[in-house]
Amino acid sequence: YVVDNFDVSFKVLMGGGLGTGGDGLSFCYGDLPDVEKFATSKETSGLCVILSTSEGHITSMYNGRILATHMVDVGVLRTGETWGDVRILHDGSSLTVEYNKVVYMEAVEVSEWLVMPRWQFGIAAHTGTTQKDNHWVDDVSIKSGAYHESMNVPLEISSNGQQFSITQVSFEYNLPSVVSSFF
């Protein structure tokens, strides 16, 4: 099963480092590479949202291509000792990104959206050698709709396993959701 649409929320605490802070945090849903490449999100196949505390922007990317960038003051992105709220919503065709209840990207089209079964959700943070920051993540919530369409199937019943009804009552079948991996 693949997750075609999702509503992700989590809390972040970014700050307390040296200088102007670290590079920031990335949220990705895709074929995640090793941690070093994933943290900068430039080599991730899939959808990524980057909160850059060093350059002061929120950027969304799909398969390495920038979809949108919104400049945000570094002081807004770095939360200090206060937790910040992140919400990333993908409805199957477009992306909305909120940070601390402010919508920075709304209905950004993600063209050629093609989810692969091996895709995973991931959150990573990165700091440089001279600029450092603390990156904490808490209260992660990932919500998604059904991964399939329900369907009506004919239902027959039996009390003895040999003689069945012949009414073909319609029964709506919904497969239970299964988490295949989380990283």
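To be clear, the structure that these remarks concern was listed above.
This one's a predicted model, so the numbers in the text were calculated from it and none came from an experiment.

Colleague: I tried to follow unusual backbone geometry on my own but got confused; where do I start?
Modeller: Backbone geometry follows two general trends: most residues other than glycine have a negative phi, and most peptide bonds adopt the trans configuration. Although it is not a glycine, asparagine 100 sits at a positive phi angle of roughly 55°. With respect to the helices and strands, asparagine 100 occurs in the loop between strand E7 (94–99) and strand E8 (102–109). For aspartate 139, which is not a glycine, the phi torsion comes out positive at approximately 50°. Given a relative accessible area of 47%, aspartate 139 falls into the partly exposed group.

Colleague: It is not clear to me how the sheet that holds strand E1 (residues 6–15) should be interpreted in this structure. Could you clarify?
Modeller: Strand pairing within a sheet occurs via backbone hydrogen bonds; the two strands may be parallel or antiparallel. Across the sheet, which stays open at both edges, the five strands sit in the order E8-E7-E6-E1-E10 with antiparallel pairing between neighbours. The sheet is open, and its two edges are formed by E8 and strand E10 (134–143), each paired on a single side. On average, adjacent strands in this sheet sit at an angle of 15° to one another, irrespective of strand direction. In terms of strand pairing, E1 meets strand E6 (residues 84–90) through seven bridges, oriented antiparallel. Counted as the bridge partner of phenylalanine 6 is histidine 90 from E6.

Colleague: Honestly, the nonpolar core in this entry has me stumped. Any pointers?
Modeller: Across soluble globular proteins, nonpolar side chains show a tendency to be buried alongside one another. Counting residues in hydrophobic clusters, the biggest one holds 31 residues, and the most contacted among them are Phe6, Ile58, Tyr99 and Trp113. Broken down by secondary-structure element, the contributors of at least two residues to this core are E1, strand E2 (24–31), strand E3 (45–52), strand E4 (57–62), strand E5 (65–71), E6, E7 and E8. When residues of this core are assigned to their parent elements, the largest contribution, five residues, is made by E1. Other than its neighbours up to four places away in sequence, tyrosine 99 contacts Val12, Met14, Leu51, Ile58, Val76, Leu77, Thr79, Asp85, Val86 and Tyr104.

Colleague: Help me out: how do you make sense of the pattern of salt bridges in this one?
Modeller: Close approach of charged atoms allows side chains with opposite charge to pair. The full count for this structure, using the stated rule, is six salt bridges. Aspartate 133 is the salt-bridge partner of arginine 78, the closest N and O atoms lying 2.7 Å from each other. On the criterion of sequence distance, the pair formed by arginine 78 in the loop between helix H2 (74–77) and E6 and aspartate 133 in the loop between strand E9 (120–126) and E10 is long-range, its members being 55 residues apart. Here aspartate 85 ties to lysine 101 by a salt bridge, and the two come within 3.8 Å at their closest N and O atoms. Of this pair, aspartate 85 sits in strand E6 while lysine 101 is found in the loop between E7 and E8, placing the two residues 16 residues apart along the sequence.

Rules of the game
Residues numbered from 1 in each chain as written. Predicted model: local features only at pLDDT ≥ 70, side-chain atom pairs only at ≥ 80, totals over all residues. Heavy atoms only, no water. Helix = DSSP H or I, 4+ residues; strand = E, 2+ residues; numbered from the N terminus. Buried < 20%, exposed > 50% of the residue type's maximum accessible area, 1.4 Å probe, protein only. Pairing = 2+ DSSP bridges. Axes fitted to C-alpha atoms, helices over the stretch in contact; angles between N-to-C directions. Core = buried A, V, L, I, M, F, W, Y, C linked by side-chain atoms within 4.5 Å. Contact = heavy atoms within 4.5 Å. Salt bridge = Lys/Arg side-chain N within 4 Å of Asp/Glu carboxyl O.

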